[in-house]
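Results of the structural survey
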Amino acid sequence: MKTSNDNQNQELHRNYPLCGWSSWKVGGNADFFCQPENKEDIFYSLKWAKKRNLPVHFLGRGTNVLISDRGVEGLVIGLQKLNTYRERQEKGRLCIRALAGVSKAQIMQIFLRHKLAPALFLCGLPGDVGGGVVMNAGVGQDISPKEFKDIVDWVKVIRDDKVIMIPGEDIKWEYRFSAGWEPGLIYEVGMSWPIEPLPDLPLRLKDIALKRTQSQPLQSASCGSVFKNPLTGEKSGALIDRCGLKGYRIGQACVSNKHANFIVNMGGARAEDIHHLIQHVQRTVKSKYGILLEPEVRYMGRWDGYT
Ligand SMILES: Cc1cc2nc3c(=O)[nH]c(=O)nc-3n(C[C@H](O)[C@H](O)[C@H](O)COP(=O)(O)OP(=O)(O)OC[C@H]3O[C@@H](n4cnc5c(N)ncnc54)[C@H](O)[C@@H]3O)c2cc1C
């Protein structure tokens, strides 16, 4: 059912399928779903949910979430329509401010146009800018910058009926994790980098893109790396591979033959299959190497009762 928000252009959908919003192509329906286009829409949606005592969840491009087959309770706010950005040059730096739903690919293109180093780590990174801050998305290679932490100057967070500005240095940045900005919705992100063009940047980008294509199953539905690399310095993918789990399958969910830290949807997988495969991989690696792999992917929705 589709209902219309009074006094708002924004549509409020009831029982909205989220499967198409997840790069894994799994998951049930959101009880309610909306796609704000501006701050006012967001304030309205948050108030609407609060009045009804409903939990609120945020969804960027869905490239790092495992959405339950049983759907998501309350209101899911999809951020794709928050998609405007501006760039300017100031004191020798290229400064970009982007709303949360701007894709990383768009930001990469801006840095590329100026031949600046952030294009290197952004190359091939899926998802949007908001998701990039939440996950401190980046690459493992030893380059600078290598993750969002290195380019973010500030974020604006919408919390209840306020917009709060948080400087980048007040955010606690960790490997594929950030804190200190929550609770709330990351609405806008300010990023910058010194204007020091790298003449060989286009060539290096080609190389990075090629490496991704060669090492990752980009033709299949996935969520990228399922597990964080353990603090021991080993790679999760290598540990999973050494356990002989490449190609291991539960239902239509399968440990990729190309990259053992990817779980791919072979077509028609259920979120439950992926969840059970995640658990199987964890158990197997733990029993062989004594290391409990921590999922990088975020669980979303009704997961209570699953073992
Ligand atoms: C093929 C593939 C390759 C990948 N390679 C990499 C890689 O090299 N490096 C890497 O770091 N990641 C990688 N990823 C994972 C993923 O793309 C990143 O984590 C990305 O930053 C997630 O962004 P998103 O917009 O999809 O976030 P989502 O998946 O939509 O959300 C992730 C989490 O952030 C929350 N969230 C999202 N936006 C907001 C917001 N504005 N305010 C508050 N909370 C919010 C969501 O509720 C959820 O908990 C890959 C994924 C795929 C599919």
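Here goes a summary of the coordinates provided. Because the structure is a prediction, the values reported are computed rather than measured. (Residues numbered from 1 in each chain as written. Predicted model: local features only at pLDDT ≥ 70, side-chain atom pairs only at ≥ 80, totals over all residues. Heavy atoms only, no water.)

**Let's talk about the site of the ligand**
Not every one of the 36 residues close to the ligand is listed here, only the nearest: F58, G60, T63, K104 and G138. A distance of 2.9 Å separates an oxygen atom of the ligand from a polar backbone atom of G62. About the coverage of the ligand: the protein hides 92% of its 980 Å² of free accessible area. When residues of the shell around the ligand are traced back to their parent elements, those giving at least two are strand 4 (56–59), helix 4 (129–135), strand 13 (185–194) and strand 17 (298–300). In terms of residue count, helix 4 provides more of the shell around the ligand than any other element does, 5 residues in total. Split by residue class, the shell around the ligand holds 16 nonpolar, 13 polar and 7 charged. (Near = heavy atom within 4 Å. Polar contact = N/O pair within 3.5 Å; in protein donor to acceptor, adjacent residues only side chain to side chain. Areas by Shrake-Rupley, 256 points an atom, 1.4 Å probe, with all protein chains shown as cover. Helix = DSSP H or I, 4+ residues; strand = E, 2+ residues; numbered from the N terminus. Nonpolar A, V, L, I, M, F, W, Y, C, P; charged D, E, K, R; others polar.)

**Details of the sheet that holds strand 16 (residues 263–265)**
A sheet is described by the order of its strands in space; here 3 strands give the open sequence 14-15-16, paired in antiparallel fashion. Of all the strands in the sheet, just strand 14 (249–250) and strand 16 have a single pairing partner and so form its edges. As paired elements, strand 14 and strand 15 (residues 253–255) share 2 bridges and run antiparallel to each other. If you follow R249 over to strand 15, its bridge partner there is C254. (Pairing = 2+ DSSP bridges.)

**A word on the packing of aromatic side chains**
Tallying each qualifying case throughout the model produces 6 aromatic pairs. Relative to F33, the ring of Y16 lies with its centre 4.1 Å away and its plane at 5°, an arrangement referred to as stacked. Highlighted residues: Y16 in strand 2 (residues 11–17) and F33 in strand 3 (residues 29–34), separated in sequence by 17 residues. Accessibility classification places Y16 together with F33 in one group, the buried group. Look at Y299 and W303: their rings are 4.9 Å apart centre to centre, the planes differ by 65°, and that puts the pair in the edge-to-face class. We classify Y299 as partly exposed; its relative accessible area is 33%. Grouped by ring-pair contacts, the aromatic residues Y16, W21 and F33 constitute a single cluster. (Phe/Tyr/Trp six-rings, centres within 6.5 Å; stacked < 30°, edge-to-face > 60°. Buried < 20%, exposed > 50% of the residue type's maximum accessible area, 1.4 Å probe, protein only.)

**Quick word on the nonpolar core**
The biggest cluster of nonpolar side chains holds 38 residues, and the ones touching the most others in it are I107, F111, F148, V155 and M191. Listed by contribution, the elements that provide at least two residues to this core are strand 8 (93–99), helix 2 (104–113), helix 3 (118–122), helix 4, strand 9 (152–159), strand 13 and helix 5 (201–215). With residues near it in sequence (within four places) discarded, V155 still touches V133, I164, M165, I166, I171, W181, I186, E188 and V189. Among the nonpolar cores identified, the runner-up in size contains 25 residues, and W24, V226, V281 and L293 belong to it. (Core = buried A, V, L, I, M, F, W, Y, C linked by side-chain atoms within 4.5 Å. Contact = heavy atoms within 4.5 Å.)

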